[in-house]
Amino acid sequence: MTRDPVDPGSVTVEMAVQIRGWRVDDDYSWRAVARAASELWGSGHGGNQLYGGYLCAAAAEVP
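Because the structure is a prediction, the values reported are computed rather than measured.

A. Looking closely at the overall build of the protein chain. Counting its secondary structure elements, the protein chain contains 3 helices and 0 strands. From first element to last, N terminus to C terminus, the protein chain shows the α and β order α-α-α. Computed over C-alpha atoms, the radius of gyration of the protein chain comes to 10 Å, within 12% of the 11 Å expected from 2.2 N^0.38 for 63 residues, which places it in the range of a compact globule. When its C-alpha atoms are laid out on the principal axes, the protein chain stretches across 25 × 25 × 20 Å. A buried classification covers 33% of the 63 residues belonging to the protein chain. Split by element, the accessible area of the protein chain, about 3,900 Å² in all, is 50% carbon and sulfur. Placing the 5 positive and 8 negative side-chain charges of the protein chain at their respective mean positions leaves the two points 8 Å apart.

Below, the structure is given as structure tokens:
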């Protein structure tokens, strides 16, 4: 991943907790994370796998 379209500053603590839950607890793929985020927050990225990876990376930077 070279270009990150998700600003870690735009991911709230609550969002990071939700994203981590999907990825770790629910074993979602990056595609499934992107799809769930699009449905919950209206991100408009659908099931874009790269976007899911960017979301997970951004969530990992949130303390």
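B. View of helix 2 (residues 30-41). Taking 1.5 Å per residue, 12 residues should reach 16 Å; helix 2 reaches 16 Å between its end C-alpha atoms and fits that length. Those residues of helix 2 that fall on the buried side of the exposure criterion are Ala-32, Val-33, Ala-34, Ala-36, Ala-37 and Ser-38. Buried-residue contacts for helix 2 involve helix 1 (13-25) and helix 3 (49-61). Trailing helix 2 by a residue or two, Gly-42 shows a phi angle of about 65 degrees, which is positive.

C. Just the environment of Glu-39, in detail. Of note, Glu-39 is situated in helix 2. For Glu-39, a relative accessible area of 65% gives the class exposed.

Rules used in this analysis
Along each chain, the written sequence defines residue order, and numbers are assigned to residues from 1. Per-residue local features are limited, in this predicted model, to residues with pLDDT of at least 70; the limit for side-chain atom pairs, both in listing and counting, is 80 or more; totals at the level of whole chains, interfaces and linings are taken over all residues. Each side-chain value is derived from all of the structure's non-hydrogen atoms; neither hydrogens nor water enter the calculation. In this text, helices come from DSSP runs of H or I with a minimum length of four residues, and strands from runs of E with a minimum of two, each type numbered from the N-terminal end. C-alpha atoms define the radius of gyration, and 2.2 Å times the number of residues to the power 0.38 defines the globule rule. Residue burial is assigned from relative accessible area. The probe radius is 1.4 Å, only protein chains are included, and a residue is buried under 20% of its type maximum, exposed over 50%, and partly exposed in between. Computed by Shrake-Rupley with a 1.4 Å probe, the accessible areas treat only the displayed protein chains as cover when residues are assessed. Lys and Arg are tallied as positive, Asp and Glu as negative. Neither His nor the chain termini are counted. Where a charge sits is defined by one atom per residue type, namely NZ (Lys), CZ (Arg), CG (Asp) or CD (Glu). Each residue after the first adds 1.5 Å to the expected span of a helix. Here a residue-residue contact requires only that any non-hydrogen atoms of the pair lie within 4.5 Å.

None of this, on its own, says anything about what the molecule does.
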